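# Examination of the molecular architecture
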Amino acid sequence: RANDREFNLSYEYAVSTVIDYLFQDNAIKTSKYNIFTFLPLNLFEQFQRLANAYFLFLLCLQLIPEISSLSWFTTVVPLVLVLSMTMAKDGSDDINRHRCDRQVNNRKVEVLIDGELRSEKWMDVQVGDIIKLENNQFVTADLLLLSSSEPLNLVYIETAELDGCVSVAFKHAFVFTFAFLNCMSSSSVFLILPSSSFRETNLKVKQALTVTGELEDGIEKLANFNGEVRCEPPNNRLDKFTGTLTLKGEMYSLDNERVLLRGCTLRNTQWCFGLVVFGGPDTKLMQNCGKTTLKRTSIDRLMNVLVLSIFGFLAIMCLILAVGNGIWEYQEGSKFAAFLPKQEGVNAPFSAFLTFWSYVIILNTVVPISLYVSVEIIRLGNSFYIDWDRKMYYPKSDTPAEARTTTLNEELGQIKYIFSDKTGTLTQNIMTFNKCSINGKSYGEPYQCAGMDGNRGRYVDFSWNNLADPKFCFHDHSLVEVVREGNPEVQAFFRLLALCHTVMPEEKKEGELYYQAQSPDEGALVTAARNFGFVFRSRTPESITVVEMGELVTYELLAVLDFNNVRKRMSVIVRSPEGKLTLYCKGADTIIFERLNPSCSKLKEVTTEHLNEYAGDGLRTLALAYKDIDPEYMEEWKLRHHEASTAMDEREEKLDALYEEIEKGLLVGSTAVEDKLQDGVPQTIEQLSKADIKIWVLTGDKQGGLSSLEYTINRLQLFSLAHLDSLFSLSEQKRQRTLCSSCRQTQQRKSERSSSESTDGLLTITFVAFALEKDMEMELLRTACMCQTVICCRVTPLQKAQVVELVKKYKQAITLAIGDGANDVSMIKAAHIGVGISGQEGMQAVLSSDFSFAQFRYLQRLLLVHGRWSYLRMCKFLRYFFYKNFTFTFVHFWYGFFCGFSAQTVYDEWFITLYNLVYTALPVLALSLFDQDVNDRWSFQYPKLYAPGQLNQYFSKRAFVYTVLHSGYSSLVLFFIPWAAMYDTVRDDGKDIVDYQSFALLAQTCLLIAVSIQLGLDTHYWTSVNQFFLWGSLCVYFAVIFTMYSNGMFLIFTSSFPFIGTARNSLNQPNVWLTMLLTSILCVLPVVAYRFLRILLWPTINDKVRCRGQDKVLPPVPRRVQARRVSTRRSGYAFSHAQGYGDLVTSGRFLRWTPKSRLALFSQTDSPLAQTQPQFYRTINEGGEPPLSP
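Residues numbered from 1 in each chain as written. Predicted model: local features only at pLDDT ≥ 70, side-chain atom pairs only at ≥ 80, totals over all residues. Heavy atoms only, no water.

## Quick look at the overall build of the chain
When helices and strands are counted, the chain shows 41 helices and 32 strands. When each of the 1190 residues of the chain is scored for burial, the buried share is 55%. Long-range pairs, those at least 24 residues apart, make up 77% of the contacts in the chain between residues at least 6 apart in sequence. Within the structure as shown, the chain displays about 51,900 Å² of accessible surface, and the carbon and sulfur contribution to it stands at 57%. (Helix = DSSP H or I, 4+ residues; strand = E, 2+ residues; numbered from the N terminus. Buried < 20%, exposed > 50% of the residue type's maximum accessible area, 1.4 Å probe, protein only. Contact = heavy atoms within 4.5 Å. Areas by Shrake-Rupley, 256 points an atom, 1.4 Å probe, with all protein chains shown as cover.)

What follows is the structure, encoded as structure tokens:
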């Protein structure tokens, strides 16, 4: 209820929880912590990670003296460091969330309280309050619009912040697809939006109820307003609102067009008043801010499995050592009781039990706590490389590439299936008028070719038309000649194009026309009519003004029957200056042909041939028709239309029936416009195909509109399940038989091909809705997966996501979805990787994506360069990380057999503490951030380099087992060679060198040198950073041991630094250095030998490319011959064509004031960075699969 806070608090949605009450109705809270909950809650979240919980458990074990043989700091220091780093990151993120919350909640707005307007904070606004908004203010909450400063109680809102869309769209209160002039008041004031609004934002028009609009800005009237709103509960449907307003005993219907949603911005409106319906967390904006499903990579999932396996392996090692301790205590323990007395009650079994837990502590490094932190650092660094890549920057729109998530980088190097939208993603979504068919004659010549003479092949000169668009190009001079000669059929054709549309004109200067169209198709057709002498000049709600061959002609606009996705056509009814009534219609050829007069059958056949020809060239086609209307019939039809438009039940069905009745006429011709592919699309598709990435195009267009795309993949042989659109009209059994028969034919033709072409093929599917049924989905998948490229036509957004889920479910392959519009969001979220293109259809795809850029051609660099490098680096990191930690741990295991299984450590405690944190941390990070097997040029040159990632060759369970075996061998060398070298050895001066401390120093030094050499062998791309970190870590190690083993440290901290003088007494002996050299050679010798034999006998594609890369010369680009394109399919009106704004045209709401010019935001010239020349690449045929390298 308006102006009644106490009454509204009794409803659940007003205050749903105690927390909502404490934070007021309209306050939002996106932060996770406060000053009291941060430490306990963050620690609780961190200890939910298995590795962190494991190390906390180890710390508790170390507090038990009977178990622990290590000092507490060996576990506390790494654990505190990891927790602190994560805590700092989480705290910084939450501080930013708090700052944003405060900024929003403390915004000011005028609220009507006790009969006067008061400035209140947003957080203090409650449900039922009446608030005043002014121009350019954000909408405070979900409001019911009451009144505004504009005529007819209209307001204009920008929804870019709400839905991310920057394209032009219009909404208004009364949804009529038809409006008559006699329904308009002659005193109405009409409004026009400024030109900047058309270009840069998504302005929507809202209108208040007439009964509330009478309140205007009267404070007294608004204070006495006591209407009650009953509506749906809070939900996340941005496009839907259902409710009623009860006022003075009358009930009024409310829908989404009466509501202003939080997150919108008021534009071009001086003021408006609104009633708060939902506030704070109940607003639709906040309802849409649910938790996003966390995507995890396949390596993450594998790591979880491996960590669990490592825990099991750790338990087995500890059990073996515990059993050994029990046996040793039983057999040998009594011999040492004289000087190592046992505690009372401790026998061999109990000693074995304690030893088990002691070794759990000692061998804990087999589960490295720093692994997860290092992985996040590597992913963050590789994400920055994508953000900084100037070769993926698009200067025309000032759009760089952006990694919107930092957790999926390496999965970019494992993509097997790409699902792509077509319009705006593969194409420019910029239409050009190319050809047309008028009265059975086709016009439009191809581009100039050799052998053409005269005017043929040159652009048409439109200088005779002062209003022509200088950017418009056409090649057929004969069409201009027949137009200027006054051919009635040709002039009727262009008159239809100039009248039948909902384009908004803008004339900045005399003769400088700019068209704002709801779709690129409409803009291209109206521009074509303009250049051929039929210039759409201006419009009012009741008229359209056209300059016909230099004469100004004004047509009375009687009706606009607007386009939608069901009708697939639009019509206008106009009255000429001579009083003649005519209906002009344009739409999909199949729709128009069904409604033609039988007398047009011959013309229909000829036009159909032309449409097939245009479809073969990959053009988008429309059919045009007209009908002369009898005035008496028109008057009778108007009455029936008025009844249908005011009906409360089945309004849309009744209107559709009336439209169907009147939209029948005579064929005029057809148009063909070209939606050009983006630069580099053919080369990108070819490159990705060579990388064995299968491409599925999921589009809402008809099959014929995809010809241009099909022929860009001209290296592939076309497999098409021909003309199965008719499946929609067949019975269930017949459709299934037809589908199965077509799939079997495709599979049979596929099997008949030679093995050398087994990866080629393109499949066009036009019956996705039926094929996705449970009993047929496997047949679809089997057939489609036999082809390299698949095109699915007439697909809805939901079906796009279903296709992606189908492949994910049954193929167990990594998928990537790429799109540029809101209809691609479900597909982007369903795939493992979502890529958004910031193009002509808004920003919703980008906002929902994991990675984004401006052009499709950048996808090949994202995958073949950044993705492959990220995967290679992550796999090298994991293999090396597990290698160095298993080697470190296995030495402890072997030492247990020589120390009576007493859980004594083989290394110095400070070495155990600093091994992962200091000595080996930075070199492996440098490897993981800078390493490249080949540079980016060779990555493009040989796309087959991408294949190992798809096959998980670099890191898998098998690779992990090899790493463990390699570590086992290295640990044997690192323990037994120093043990044998030190056994019964004396110094040069005859003193005994055999002691535990000297052996520990030698073993840990050999270990560090061996793992450093292994790191050097794994590094293919050396930088100064790699050199500095590798040699610097070794220098730090020697500096630390000389410092910690010094007399001074021992005197200050006697119990913490017992290795006094060990470094200087051991490292001055030649045999110690010879032992280090011998162990290093024995550790790396098998690796070097294996890699030498592998390169010699079983070279991989990487080995071959690196050998060729030594010459640093790329092979010449082969000449390419364009294939001739032939097709019998034709396209229809764009399936993704949006609802028009014909009702807005006739309502008069689009007129306001004279548009002002707007400066261009971006230069229209490409920098050298963005220029992508066509590139052609060749592949290297790889031999048999080589063994996996260690």
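The structure having been displayed, the exposition proceeds.
## Let's talk about the pattern of salt bridges
Enumeration over the complete set of coordinates arrives at 31 salt bridges. Here Asp-300 ties to Arg-379 by a salt bridge, and the two come within 2.8 Å at their closest N and O atoms. Residue Asp-300 is located in helix H11 (residues 298–331), and its partner Arg-379 is located in helix H13 (residues 370–388); the two are separated by 79 residues in the primary sequence. Arg-1094 serves as the salt-bridge partner of Asp-1103, at 3.3 Å between the closest nitrogen and oxygen. Assigned by exposure class, Asp-1103 and Arg-1094 land together as buried. Here the residues in one salt-bridge network are Arg-569, Glu-594, Arg-595, Glu-660 and Glu-663, joined through shared partners. (Salt bridge = Lys/Arg side-chain N within 4 Å of Asp/Glu carboxyl O.)

## Looking at the packing of helix H30 (residues 909–919) against helix H36 (residues 1024–1044)
Taken N-terminus to C-terminus, the directions of H30 and H36 make an angle of 155°; their axes are 11 Å apart at the nearest point. Taken together, the axes of H30 and H36 are roughly antiparallel relative to one another. The element H30 and its partner H36 pack so that their crossing is right-handed. Here Trp-910, Phe-911, Leu-914, Val-918 and Tyr-919 of H30 lie close against H36, whose contacting residues are Ser-1033, Val-1036, Tyr-1037, Val-1040 and Met-1044. Considered class by class, the residues forming the contact of H30 with H36 number nine nonpolar, one polar and no charged. (Axes fitted to C-alpha atoms, helices over the stretch in contact; angles between N-to-C directions. Parallel < 35°, antiparallel > 145°, perpendicular 65-115°, else oblique. Left-handed = near helix turned anticlockwise from the far one by under 90°. Nonpolar A, V, L, I, M, F, W, Y, C, P; charged D, E, K, R; others polar.)

## Concerning the packing of aromatic side chains
In the structure shown here, the tally under the stated rule is 54 aromatic pairs. With 5.1 Å between their ring centres and 90° between their planes, Phe-493 and Phe-494 make a pair best called edge-to-face. Exposure remark for Phe-493: the relative accessible area of 0% places this residue in the buried category. By the ring-pair criterion, three or more aromatic residues cluster together here, those being Phe-888, Tyr-907, Phe-911, Tyr-915, Tyr-919, Tyr-1037, Phe-1038 and Trp-1073. Lying across the ring of Trp-122, Arg-107 places its NZ or CZ 5.0 Å from the centre. (Phe/Tyr/Trp six-rings, centres within 6.5 Å; stacked < 30°, edge-to-face > 60°. Lys NZ or Arg CZ within 6 Å of the ring centre and 35° of its normal.)

## Observations regarding the sheet that holds strand E12 (residues 271–278)
Ordered by their spatial adjacency, six strands build an open sheet running E2-E1-E3-E12-E4-E10, and the pairing between neighbours is antiparallel. Either end of the sheet is taken by a strand with one partner, and the two such strands are strand E2 (116–121) and strand E10 (259–260). With six bridges joining them, strand E4 (residues 142–148) and E12 adopt antiparallel strand pairing. Counterpart to Ser-147 in the pairing with E12 is Phe-273. (Pairing = 2+ DSSP bridges.)

## Quick look at helix H15 (residues 488–499)
Given a rise of 1.5 Å per residue, 12 residues ought to cover 16 Å, and the 16 Å separating the end C-alpha atoms of H15 matches this to within 8%. The element H15 is extensively covered by neighbouring structure, given that nine of its 12 residues are classed as buried. (Expected span 1.5 Å × (residues − 1).)

## What about the sheet that holds strand E9 (residues 250–254)?
The strand order E7-E8-E9 describes an open sheet built from three strands, whose pairing is antiparallel. Only two strands of the sheet have a single neighbouring strand rather than two, namely strand E7 (228–231) and E9. The mean angle between the axes of side-by-side strands here comes to 25°, regardless of whether they run parallel or antiparallel. When E7 meets strand E8 (residues 243–247), the two strands line up antiparallel, connected through four bridges. Counterpart to Cys-231 in the pairing with E8 is Gly-243.

## Remarks on the UniProt feature "transmembrane region" (unreviewed entry) in the chain
This chain's UniProt record puts "transmembrane region" (unreviewed entry) on residues 305–328, 348–373, 877–898, 910–930, 959–979, 999–1017, 1029–1053 and 1073–1093. Helix makes up 91% of residues 877–898 and strand 0%, whereas the separation of the span's terminal C-alpha atoms amounts to 33 Å. Between the C-alpha atoms that bound residues 999–1017 there is a distance of 27 Å. The span itself is 100% helix and 0% strand. (UniProt positions renumbered as here; feature names shortened; annotations may be inferred.)

## A word on the nonpolar core
A general feature of soluble globular proteins is that nonpolar side chains tend to end up buried together. Judged by nonpolar contacts, the single largest core of 99 residues is most densely connected at Phe-877, Leu-878 and Tyr-907. Of the residues forming this core, the biggest block, 16 residues, is contributed by helix H29 (residues 858–896). Apart from the residues within four sequence positions on either side, Phe-877 is in contact with Leu-371, Ser-374, Val-375, Ile-378, Val-924 and Ser-928. By size, the runner-up hydrophobic cluster in this structure holds 51 residues, among which are Met-431, Ile-438, Ala-528 and Phe-534. (Core = buried A, V, L, I, M, F, W, Y, C linked by side-chain atoms within 4.5 Å.)

## Some points on unusual backbone geometry
Although it is not a glycine, Lys-248 adopts a positive phi angle of roughly 55°. Examined against the element boundaries, Lys-248 turns out to sit in the loop between E8 and E9. The residue Asn-952 is not glycine, and still its phi comes out positive at about 55°. Relative to the helices and strands, Asn-952 is located in the loop between helix H33 (947–950) and helix H34 (957–982).

## Some remarks on a nonpolar patch on the surface
Judged by side-chain polarity, Ile-316, Ile-320, Phe-897, Phe-898, Leu-972, Phe-976, Trp-979 and Tyr-983 come together as a nonpolar surface patch covering roughly 750 Å² of accessible area. Broken down by secondary-structure element, the contributors of at least two residues to the nonpolar patch are H11 and H34. Per element, the largest residue contribution to the nonpolar patch is three residues, and it comes from H34. Here Trp-979 is to be found in helix H34. Note on Trp-979: relative accessible area 32%, which makes it partly exposed. (Patch = residues over 30% accessible without salt bridge, like charges linked within 9 Å, V, L, I, M, F, W, Y side chains within 5 Å.)

## Points about the confidence of the model for the chain
Confidence along the chain averages 76 in pLDDT terms, with 76% of residues attaining 70 or more. Taken together, the stretch residues 163–202 has pLDDT below 50 and engages in 130 contacts with residues farther than four places along the chain or on a different chain. Segment residues 1149–1190: pLDDT under 50, and 106 contacts once partners within four positions in sequence are set aside and those in other chains are kept. (pLDDT = per-residue confidence, 0-100.)

## Examining a negative patch on the surface
A surface patch of like charges, here negative, comprises Glu-650, Glu-652, Glu-653 and Asp-656. Its location among the elements puts Glu-652 in helix H20 (residues 651–662). (Lys, Arg positive; Asp, Glu negative; His and termini not counted. Charge placed at Lys NZ, Arg CZ, Asp CG, Glu CD.)

## A word on the environment of Arg-379
Here Arg-379 falls in the buried class, since its relative accessible area comes to 2%. It is 9.8 Å that separates the C-alpha atoms of Arg-379 and Arg-873, two residues lying 494 residues apart in sequence. Setting aside its immediate chain neighbours within four residues, Arg-379 contacts Thr-297, Asp-300, Thr-406, Thr-407, Asn-409, Glu-410 and Met-874. A polar side-chain atom of Arg-379 sits 2.5 Å from a polar atom in the side chain of Glu-410. (Polar contact = N/O pair within 3.5 Å; in protein donor to acceptor, adjacent residues only side chain to side chain.)

## Concerning the pairing of strand E19 (residues 534–540)
Most of E19 sits out of view: five of its seven residues are buried. Strand direction decides the pairing type here: E19 and strand E20 (residues 543–548), joined by six bridges, are antiparallel. The residue of E20 that forms the bridge with Ser-538 is Thr-545.

## Quick word on the packing of helix H25 (residues 777–784) against helix H26 (residues 797–811)
Orientation of H25 relative to H26, taken along the N-to-C sense of each, is 80°, at an axis distance of 11 Å. Judged by the inter-axis angle, H25 sits roughly perpendicular to H26. Contacts between H25 and H26 involve Glu-777, Met-778, Leu-780 and Leu-781 from the first element and Leu-806, Val-807, Tyr-810 and Lys-811 from the second. For the contact of H25 with H26, a count of residues per class yields six nonpolar, no polar and two charged.

## Comments concerning the side chain of Ser-1066
Mapped onto the secondary structure, Ser-1066 falls in helix H38 (residues 1062–1066). A residue is classified by how much of its surface remains accessible, and Ser-1066, at 4% relative accessible area, is buried. The contacts of Ser-1066, once residues within four sequence positions are left out, are Ser-998, Leu-1001 and Val-1072.

## Things to note about the side chain of Lys-435
Residue placement: Lys-435 occurs in strand E15 (residues 427–438). Classification of Lys-435 by relative accessible area gives buried; the value is 9%. With residues near it in sequence (within four places) discarded, Lys-435 still touches Tyr-443, Gly-444, Phe-474, Glu-613, Tyr-614, Asp-617, Leu-619, Thr-671 and Ala-672.

## Here's the deal with the environment of Ser-848
Locating Ser-848 in the fold gives a position in the loop between helix H28 (844–847) and strand E32 (851–853). When the C-alpha positions of Ser-848 and Lys-829 are compared, they lie 6.9 Å apart, and in sequence the two are 19 residues distant.

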